[in-house]
Structure formats: C-alpha cells, structure tokens
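Report on the structure
For reference, the chains in residue letters:
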Amino acid sequence: MFITFEGIDLSGKSTQIKLLAEYLTRLKKKVVIVREPGGTKISERIRDILLDKDHYEMADTTEFMLFSASRRQLTQEIIIPSLKKKSYVISDRYYDSSTAYQGYGGGLDLKMINSINNVASCGIEPDITILLEIDLQCWLSRKKTEGRTDDRIESKKIAYYKKVINGYKKIAEMNKKRFVIVDATASKQEVHENIVSALSNFTKKKKSKSSI
Ligand code: TYD
C-alpha cells in the first residue's frame, strides 16, 4: 500500500507519519518511510540544490524538473521495490506537492506538471493521500512559535502560501477517491486517530471491491 502525506510546512506531517508508522509496525506490517525531495543518495543531493538559499536565481521550471528528477529516482530505487515486497510505503510528500507548490503556487502550466508527474512517478499513483489541512492563520502562528529559519522554498511570500493551500483543496476535490482531508489544527492524538480511521475505511472499501 502506498500512502502519501501532503500539506504545507508545519502541518505536522512528520509527527503524524511517525505515529502512523508506529501503529502499522504494532500491527506487524512492514513499513518504509521516505521523504521528498530526497530519500536516496542522488535525491538527497538534488534536495540540497533545491533548498539552498544561495540559489535565488533558480528558474521555476528548473525547480520543478529537479523535484521531478528526485522523485523519479526515489520511485525507481525505493518505492517500487518496496511495494513489490508488500511493504506499506509512507511518503512525506509526492507529486501532489509539485502540483500544489509549482503549479497552483508558482503558476506553472498544470497540464505540463501532470504529464511530467506521470513520468516522475513511473505512473504509480498513491493508494491514499492524507492532506493535513491548516489555514493561513494557523500556519502563521505555528511559524511564530517555532521561530525557525526558512529554506529557499519556505521563504516565499504569504500570497504564495494562500495559493498553495487553495491548490491543495482543488487537487483533493479532483481526486476524491484517494484523498482524505484531515483537520490538522486538532491535537496530535486526535489527528492520528482520524488518520487511522480513514485508513481503515479505505482498506475496508478496497476489500469489499475486490470480493465483488
Ligand atoms: P522540507 O524541509 O522537507 O519541508 P516539509 O517539512 O514542509 O516537507 O522542504 C521541502 C520543501 O519543498 C517544502 O517547502 C515544500 C517544497 N516542495 C515543493 O515545492 N515541491 C515539491 O514537489 C516538493 C516535493 C516539495
């Protein structure tokens, strides 16, 4: 099963991925966690290029191509072999991030993004995508509390983030079958429980379909 997590920075993806992985491990499932951009030797090097603040001159399409190159390597090297071994693969971001950030946020052509997403993912679609949703207000207040320094992508303007948040809503709307929107402003434990119940509903639906 291929599970992806999406959402803007500070939506709590890494905490929730950890909790879900612990839960699945308790159920004796094999779990592989990956992150984007990164997750392989080559993809981590691409990540460094992408997030380096000195690279202010990076063209939008270059940025998108680099995310895609990193994704293709990760998919071929880790995701596909792990799925073949019947592991649960949990990815911290996947191609919906490119659609939300570079497409809706950055204004790159969505058709072009979709077709390259298809190449970068070797045509593999996540079985379920958990969108951790926080609004701009919550994002701003979490940002203040954390007081952390931004990477190159995160230091883009607030208007950009609004577009990314709305972009995610549109992507979820267009991919209702695999998307689950979870209110990520709730407590860690509540968010975790909502994710587990979404996953078990999804598995039940899948089982009943395959028995027809
Ligand atoms: P990261 O430190 O991994 O942040 P996060 O915890 O939010 O995932 O940095 C990844 C940054 O790259 C993040 O700001 C989102 C951005 N990004 C894109 O713009 N497009 C993409 O396709 C991906 C995978 C990430």
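Residues numbered from 1 in each chain as written. Predicted model: local features only at pLDDT ≥ 70, side-chain atom pairs only at ≥ 80, totals over all residues. Heavy atoms only, no water.

Each helix and strand in the protein was counted, giving 8 helices and 5 strands. Scaling as 2.2 N^0.38, a compact globule of 212 residues should have a C-alpha radius of gyration of about 17 Å, and the protein matches this with 17 Å. Along the longest, intermediate and shortest principal axes, the C-alpha atoms of the protein span 50 × 35 × 30 Å. When burial is assessed residue by residue, the protein has 46% of its 212 residues classed as buried. Residue pairs in contact within the protein that sit at least 24 positions apart in sequence constitute 80% of those at least 6 positions apart. Surface accessibility of the protein: about 11,300 Å² in total, with carbon and sulfur atoms responsible for 54%. (Helix = DSSP H or I, 4+ residues; strand = E, 2+ residues; numbered from the N terminus. Rg over C-alpha atoms; globule rule 2.2 N^0.38 Å. Buried < 20%, exposed > 50% of the residue type's maximum accessible area, 1.4 Å probe, protein only. Contact = heavy atoms within 4.5 Å. Areas by Shrake-Rupley, 256 points an atom, 1.4 Å probe, with all protein chains shown as cover.)

Here the focus is the sheet that holds strand E3 (residues 88-92). Taken in spatial order, the 5 strands of this open sheet run E2-E3-E1-E4-E5, and their pairing is parallel. Both outer strands of the open sheet, strand E2 (31-35) and strand E5 (179-183), are each paired with one neighbouring strand and no more. On average, adjacent strands in this sheet sit at an angle of 20° to one another, irrespective of strand direction. Lying on the sheet, helix H3 (residues 60-84) is in contact with strand E1 (2-6), E2 and E3; it crosses E2 at an angle near 160°. (Pairing = 2+ DSSP bridges. Axes fitted to C-alpha atoms, helices over the stretch in contact; angles between N-to-C directions.)

What follows covers the site of the ligand. Near the ligand lie 16 residues; those nearest to it are Asp-9, Lys-13, Arg-93, Ser-98 and Gln-102. At 3.0 Å from an oxygen atom of the ligand is found a side-chain nitrogen or oxygen belonging to Arg-47. Contact between the ligand and Ser-98: an oxygen atom at 2.7 Å from a side-chain N or O atom of the residue. Against a free-state accessible area of 540 Å², the protein chains account for coverage of 89% of the ligand. Elements represented by at least two residues in the shell around the ligand include exactly helix H2 (41-51), H3 and helix H4 (95-105). (Near = heavy atom within 4 Å. Polar contact = N/O pair within 3.5 Å; in protein donor to acceptor, adjacent residues only side chain to side chain.)

A cluster of acidic residues, Asp-135, Asp-183, Glu-190 and Glu-193, forms a negative patch at the surface. You can see Asp-135 is positioned in the loop between strand E4 (128-133) and helix H6 (136-146). (Patch = residues over 30% accessible without salt bridge, like charges linked within 9 Å, V, L, I, M, F, W, Y side chains within 5 Å. Salt bridge = Lys/Arg side-chain N within 4 Å of Asp/Glu carboxyl O. Lys, Arg positive; Asp, Glu negative; His and termini not counted. Charge placed at Lys NZ, Arg CZ, Asp CG, Glu CD.)

Let's shift gears to the pairing of E3. In terms of burial, E3 is a largely internal element, 5 of the 5 residues being buried. Both faces of E3 are covered, namely the face carrying Tyr-88, Ile-90 and Asp-92 and the face carrying Val-89 and Ser-91. With 4 bridges connecting them, E1 and E3 associate as parallel partners. Looking at E3, one finds that Phe-5 is bridged to Asp-92.

The next thing to look at is the packing of H6 against helix H7 (residues 158-174). For the pair H6 and H7, the least separation of the axes is 10 Å and the interaxial angle reads 130°. When the axes of H6 and H7 are compared, the pair comes out oblique. In terms of crossing hand, the pair formed by H6 and H7 is right-handed. Between H6, through Leu-136, Trp-139 and Leu-140, and H7, the contact on the second element is made entirely by Ile-158, Tyr-161, Lys-162 and Ile-165. (Parallel < 35°, antiparallel > 145°, perpendicular 65-115°, else oblique. Left-handed = near helix turned anticlockwise from the far one by under 90°.)

Another point: the nonpolar core. Of all hydrophobic cores here, the largest spans 37 residues; its most connected members are Ile-3, Phe-5, Ile-8 and Leu-20. The dominant element in this core, judged by the number of residues it contributes, is H7, at 7 residues. In contact with Ile-3, other than residues within four places in its own chain, are Leu-20, Leu-24, Tyr-88, Val-89, Ile-90, Ser-91, Ile-128, Ile-130 and Leu-199. Val-34, Leu-74, Tyr-94 and Tyr-95 belong to the second-largest nonpolar core, a separate cluster that totals 7 residues. (Core = buried A, V, L, I, M, F, W, Y, C linked by side-chain atoms within 4.5 Å.)

Note on pairing: side chains with opposite charge can pair once their charged atoms come close. Across all of its chains, the model carries 9 salt bridges by this definition. Between Arg-93 and Asp-9 there is a salt bridge, with the nearest N and O atoms lying 3.5 Å from each other. Of this pair, Arg-93 sits in the loop between E3 and H4 while Asp-9 is found in the loop between E1 and helix H1 (13-26), placing the two residues 84 residues apart along the sequence. This pair shows no difference in class: Arg-93 is buried, exactly as Asp-9 is. Among the ionic contacts, a cluster of salt bridges with common partners joins Asp-96, Glu-125 and Arg-178.

Before going further, it helps to examine the packing of aromatic side chains. Enumeration over the complete set of coordinates arrives at 6 aromatic pairs. With a centroid separation of 6.4 Å and 55° between ring planes, the pair formed by Tyr-101 and Tyr-160 is classed as tilted. With a gap of 59 residues between them, Tyr-101 in helix H4 and Tyr-160 in helix H7 connect regions that are remote in the sequence. The class of Tyr-101 is buried, set by a relative accessible area of 5%. Among the residues examined, Tyr-160 registers a relative accessible area of 9% and is labelled buried. An angle of 80° between the planes, with centres 5.8 Å apart, marks the rings of Tyr-160 and Tyr-161 as edge-to-face. Judged on exposure class, the residue Tyr-160 and its partner Tyr-161 are both buried. (Phe/Tyr/Trp six-rings, centres within 6.5 Å; stacked < 30°, edge-to-face > 60°.)

Everything listed is a geometric property; what it means functionally is a separate question.
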